[in-house]
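In case you want the letters, here they are:
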Amino acid sequence: VQELCIYLKLAVCGDSCEWLLSRGRYLGENVWQPYGCMMHRYKSIEAKACLAEKRVVFLGDSRIRQLFYSFVKIIDPDQQKHPGIKDKKANNSVKERLLAWIRVSNDWSIKLHGGSSETLQQYRANLTAIAVHLEKLADPGAVYWVLQDPVNEEMLSESRKMITNQQLDLYNAAAMGVFNSSKYNSRPRVKLLAASRQAALETIGQSDDGLHLPESTRNVGAMVLMNSFCNKVLRPIDGSCCQTLSPLNFSQKLSACFFLGSAVVFMVLHLLGSNRHRRPVPSDVESLEEKKPATAAVPLGPKAPFQALCKMGLIMGYFYLCDRADVFMKEQKFYTNSTFFIPLIYILVLGVFYSENSKETKLLNREQTDEWKGWMQLVILIYHISGASAFIPVYMHVRVLVAAYLFQTGYGHFSFFWLKGDFGLYRVCQVLFRLNFLVLVLCVVMDRPYQFYYFVPLVTFWFVIIYSTMAMWPQILQKRTNGSSMWHLGVLAKLLGLLLFICCFAFSQSFFERVFSMWPISELFELNGSIHEWWFRWKLDRFAVIHGMVFAFIYLVLQKRQVLSEAKGELLFPAKISNLLLFLSVVSFITYSIWASRCKTKRECNEMHPYISVVQILAFILIRNIPGYARSIYSSFFSWFGKISLELFICQYHIWLAADTKGILVLIPGNPSVNIMVSTFIFVCVAHEISLITNDLAQVVIPKDSMALLRRLGIIGPCGRMLSTPTVQNKTEKLA
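Residues numbered from 1 in each chain as written. Predicted model: local features only at pLDDT ≥ 70, side-chain atom pairs only at ≥ 80, totals over all residues. Heavy atoms only, no water.

- If you check an unreviewed UniProt entry, the protein appears there as CAS1 domain containing 1 from Nothobranchius furzeri.
- As recorded by UniProt, the Subcellular location (unreviewed entry) comment attached to the protein reads in full: "Membrane".
- Here the protein is described in UniProt, under the heading Sequence similarities (unreviewed entry), as follows: "Belongs to the PC-esterase family. CASD1 subfamily." (UniProt positions renumbered as here; feature names shortened; annotations may be inferred.)

Have a look at this one:
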């Protein structure tokens, strides 16, 4: 009953530190999950930094001594016992009373006096007497009272048979009553550690003597203590327990005022009865091809941008509440094969079920590329929420999916420039705005550097590289090659130059770091004061984009020369060639899966990944496009998700996952299945709405008139610099 009262109190108060100390459960066999928050696994260097020049005292029986050894092992994993353990006489009255009381407390009190009611009363009286002194000790520091762990009564020796779980529960109830009664309406100064006892309830059967806990359970108690004290000091991203809310910085306050001002303007315009508007037709960031509506769209009215900003403000408020404010619970990930493969099979069945006839049967047509992006994004989402990166074969297959995204980037942008030759400023700004708008807003609202959302800097960088390659003199387009095939050699020369550029950066990390550490580009690519993350991400898929460009060039040349058969129901190549290519594609899939399953380390696999990922991408393209019937159908389910794949990838950071992707957001505690359904529904709806908002604002922020566009760029540049400066300073202070 006493424990139930504490749990009800926790549910009302919402104190993550109380959650950490009081409740939890095992994920699997050895991973402890506190109730409602994430527990960081401290390393030796972190523990030493937190506890430097601090005194830590453990007082108790042999089980407390074991807890002490586990605590010390976090600080120094190589040390079996701490050399400072000695029996010392107390020099003041508080220590004398504590030590005198400990001699007749808990297990020893039950053992010496047979668990009599008089002894329990004396225990309660002694504890009440020292409670005042413990609370005084808690003023400058922290005092924890460890509740007695259960015993395995069947394994106890004859001299310990009188120690029963019923007696231990009575003594624990007495301790909870004393420490909670004096400060019933406020937070108790002496903190009760009950989580280790709850962990012991599941593992006491593994005890050697029925009294002392197995090492894994003792480690839970030690890590809970370390999180309770150190999280507020070091503030680890994946340790949400016991962390206080960070104050808003200047940029966050300014963004809040901006969104509030937009909402006020929208309300005024709404009351004045501004005309309705039709939402513009969204376009794809890869090629910006638009589907022409039956009737011309009505131009956006003055209310439309403020309405979009008002919606964006509400959405950003939800982002902040989910992953910055201490409002919603968070839990850590735990990988099992079932948590990854069961949802994967489920979405694949849904994707096949929603199959429709495609409007065109060309290789990699619009519906097919949307479908491709859609199912890849769903697989990546399942990969992230299930923590499947711990399983190397899955990790390597997902790495191929990321490479495929970059392959599509190279394919789509090269095709657009080759066919349309539009190198204007409007085109560039449209693409950059659509790629970066959400991330730039999140950098301000969530106080994160640009490189934190690594995929957007990656595709933005490669778009600029593709644009520069195609726009530089001489500009070679498809219509120019109609007169002479020699221009094809010029394109190949450009691609060869791009390959040399990539190799130059890839094979000299020091050169790479010198270039990207220069101001001002360092502000775009640094993460925690280093460009190591950018180097890792860039190098891992450095050839994927140029592979996509080369594929697009070869395909468009073959298409122009009518080498391919892209009519409905026809094989892409002659029958023998098609069968051979299909066979080789299937073999490559199987070979890659076998290789990935035999990889011993991620580092070993990542070294080979840039050179072999293109084989799997080409194999998929051939299997998907060689049969005529395969080109003539697509999955509308996957295609719908593909149209918002960028927003899904970015939004997952804060409103589906939690703690900057380290954990899982919990909206419905106590029911993981319902929670994932509710959070997923909100997450997908938000991503879809942000896609529409981005489209609306792109029409307003990026006008087609060149002079108006230049004037707006002149305004946006200084404003962006002003917003980014406080954030950079804040990051520097945190690092210091």
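1. Describing the overall build of the protein
Point 1. When its secondary structure is counted, the protein shows 30 helices and 9 strands.
Point 2. In the protein, once contacts between residues fewer than 6 apart in sequence are set aside, the share between residues at least 24 apart is 78%.
Point 3. Carbon and sulfur atoms form 62% of the exposed surface of the protein, whose accessible area is close to 36400 Å². (Helix = DSSP H or I, 4+ residues; strand = E, 2+ residues; numbered from the N terminus. Contact = heavy atoms within 4.5 Å. Areas by Shrake-Rupley, 256 points an atom, 1.4 Å probe, with all protein chains shown as cover.)

2. What about the pairing of strand β2 (residues 31-34)?
Point 1. When strand β1 (residues 24-27) meets β2, the two strands line up antiparallel, connected through 4 bridges. What sits directly across from L27, in β2, is V31. (Pairing = 2+ DSSP bridges.)

3. Some remarks on helix α13 (residues 337-353)
Point 1. Between its first and last C-alpha, α13 extends 24 Å over 17 residues, near the 24 Å set by a 1.5 Å rise per residue.
Point 2. When we look at burial in α13, the residues that qualify are F340, L344, I347 and G351. Buried residues along α13 cover an arc of 75° about the axis, so they all sit on one side. Facing away from the buried side of α13 by more than 90 degrees, the exposed set consists of I342, I345, Y346, V349, V352 and F353.
Point 3. Buried residues belonging to α13 abut β6 (355-357), α14 (366-385), α15 (392-420), β7 (633-635) and α27 (636-642). (Expected span 1.5 Å × (residues − 1). Buried < 20%, exposed > 50% of the residue type's maximum accessible area, 1.4 Å probe, protein only. Arc of directions from axis to C-beta.)

4. A word on the state of the cysteines
Point 1. In total, this model carries 4 disulfides according to the counting rule given.
Point 2. Through a disulfide, C17 is tied to C242; the S-S separation comes to 2.1 Å. Judged by the sign of its S-S torsion, about 90°, the cystine formed by C17 and C242 is right-handed. Within this pair, whereas C17 is found in helix α2 (residues 16-22), its partner C242 is found in the loop between α10 (215-234) and α11 (250-271), the two being separated by 225 residues in sequence. Accessibility assignment for this pair places C17 and C242 in one class, buried.
Point 3. Across the disulfide from C50 sits C230; the S-S distance is 2.0 Å. Sign of the S-S torsion, about -95° for the bond between C50 and C230, identifies this disulfide as left-handed. Here C230 lies in helix α10 and C50 lies in helix α3 (residues 44-51), a separation of 180 residues in the sequence. Each member of the pair C50 and C230 is classed as buried.
Point 4. For the protein, the disulfide bridges join cysteines in the arrangement 1-6, 2-5, 3-4, 7-8, where the cysteines are counted in sequence order. (Disulfide = S-S within 2.5 Å.)

5. Re the packing of α11 against helix α16 (residues 425-445)
Point 1. Closest axis-to-axis distance for the α11/α16 pair is 8 Å, and the angle between their directions is 120°. With respect to α16, the element α11 is oriented oblique. Here α11 contributes S251, Q252, S255 and F259 to the contact with α16, which in turn contributes V441, V444 and V445.
Point 2. Residue composition of the contact of α11 with α16, grouped by class: 4 nonpolar, 3 polar and no charged. (Axes fitted to C-alpha atoms, helices over the stretch in contact; angles between N-to-C directions. Parallel < 35°, antiparallel > 145°, perpendicular 65-115°, else oblique. Nonpolar A, V, L, I, M, F, W, Y, C, P; charged D, E, K, R; others polar.)

6. Overview of the packing of α14 against helix α28 (residues 645-655)
Point 1. Remark: α14 packs on α28, axes separated minimally by 10 Å, with the N-to-C direction vectors making an angle of 10°. Judged on the interaxial angle alone, α28 and α14 are roughly parallel. Where α14 abuts α28, its residues K373, Q377, I380, L381 and H384 lie against S645, L648, F649 and Q652.
Point 2. Residues belonging to the contact of α14 with α28 are distributed by class as follows: 4 nonpolar, 4 polar and 1 charged.

7. Side note on the packing of aromatic side chains
Point 1. On inspection of all chains with the given rule, the structure shows 54 aromatic pairs.
Point 2. A network of ring pairs unites the aromatic residues F461, W462, F501, F505, F511, F512, F516, F525, W534, W535 and W538 as a single cluster.
Point 3. Taking NZ or CZ as reference, R23 lies 4.2 Å from the ring centre of Y35, over its face. (Phe/Tyr/Trp six-rings, centres within 6.5 Å; stacked < 30°, edge-to-face > 60°. Lys NZ or Arg CZ within 6 Å of the ring centre and 35° of its normal.)

8. Some points on a nonpolar patch on the surface
Point 1. Among the surface-exposed residues, L425, M707, L710, L713 and I716 lie close enough to one another that they form a single nonpolar patch of about 430 Å² accessible area.
Point 2. Of all the elements, helix α30 (residues 706-735) adds the most residues to the nonpolar patch, at 4 residues.
Point 3. With a relative accessible area of 38%, L425 lands in the partly exposed category. (Patch = residues over 30% accessible without salt bridge, like charges linked within 9 Å, V, L, I, M, F, W, Y side chains within 5 Å. Salt bridge = Lys/Arg side-chain N within 4 Å of Asp/Glu carboxyl O.)

9. Thoughts on the side chain of Q652
Point 1. Position of Q652 among the secondary structure elements: in helix α28.
Point 2. Overall, the relative accessible area of 0% leaves Q652 in the buried class.

10. Description of the pattern of salt bridges
Point 1. With the rule as written, the count across this model stands at 11 salt bridges.
Point 2. Notably, a salt bridge pairs R624 with E371, separated by 3.0 Å at the nearest N-O pair. With R624 in helix α25 (residues 602-625) and E371 in helix α14, the pair connects residues that are 253 residues apart, well separated along the chain.
Point 3. Ionic pairing is found between R448 and D660, a salt bridge with its closest N-O pair at 2.7 Å.

11. Examining empty space enclosed by the protein
Summary: where empty space remains is shown by rolling a probe the size of a single water molecule over the atoms.
Point 1. Tallying each qualifying case throughout the model produces 2 cavities of 30 Å³ or more.
Point 2. Of the volumes computed, that of the largest cavity is approximately 140 Å³.
Point 3. The wall of the largest cavity is formed by 14 residues, among which R63, L67, V146, D149 and L213 lie closest to the centre.
Point 4. When contributions to the lining of the largest cavity are tallied by element, the ones reaching two or more residues are α4 (62-75) and α10.
Point 5. Here the lining of the largest cavity is composed, by residue class, of 5 nonpolar, 5 polar and 4 charged.
Point 6. Reported here for the second largest cavity is a volume of approximately 40 Å³.
Point 7. Lining the second largest cavity we find R434, L435, N436, F437, L438, L646, E647, I650 and T694.
Point 8. Counting residues per element, the ones that place at least two in the lining of the second largest cavity are α16 and α28.
Point 9. Among the elements that make up the lining of the second largest cavity, the one with the highest residue count is α16 (5 residues).
Point 10. For the lining of the second largest cavity, a count of residues per class yields 5 nonpolar, 2 polar and 2 charged. (1 Å grid on protein atoms, 1.4 Å probe; cavity = no way out; pocket = protein on both sides within 12 Å on 5 of 7 lines; lining within 4 Å. Points joined across faces, edges and corners; volume = space filled by probe spheres on them.)

12. What to know about the nonpolar core
Soluble globular proteins tend to pack their nonpolar side chains together in the buried interior.
Point 1. Counting residues in each nonpolar core, the largest one holds 138 residues, and the members touching the most others are M316, F319, W372 and W538.
Point 2. At 18 residues, α15 tops the list of elements feeding residues into this core.
Point 3. With residues up to four places along the chain from it excluded, the contact list for W538 reads L458, F461, W462, I502, F505, A506 and F512.
Point 4. In terms of nonpolar packing, the next biggest core, distinct from the first, is built from 31 residues, C17, W32, L51 and A199 among them. (Core = buried A, V, L, I, M, F, W, Y, C linked by side-chain atoms within 4.5 Å.)

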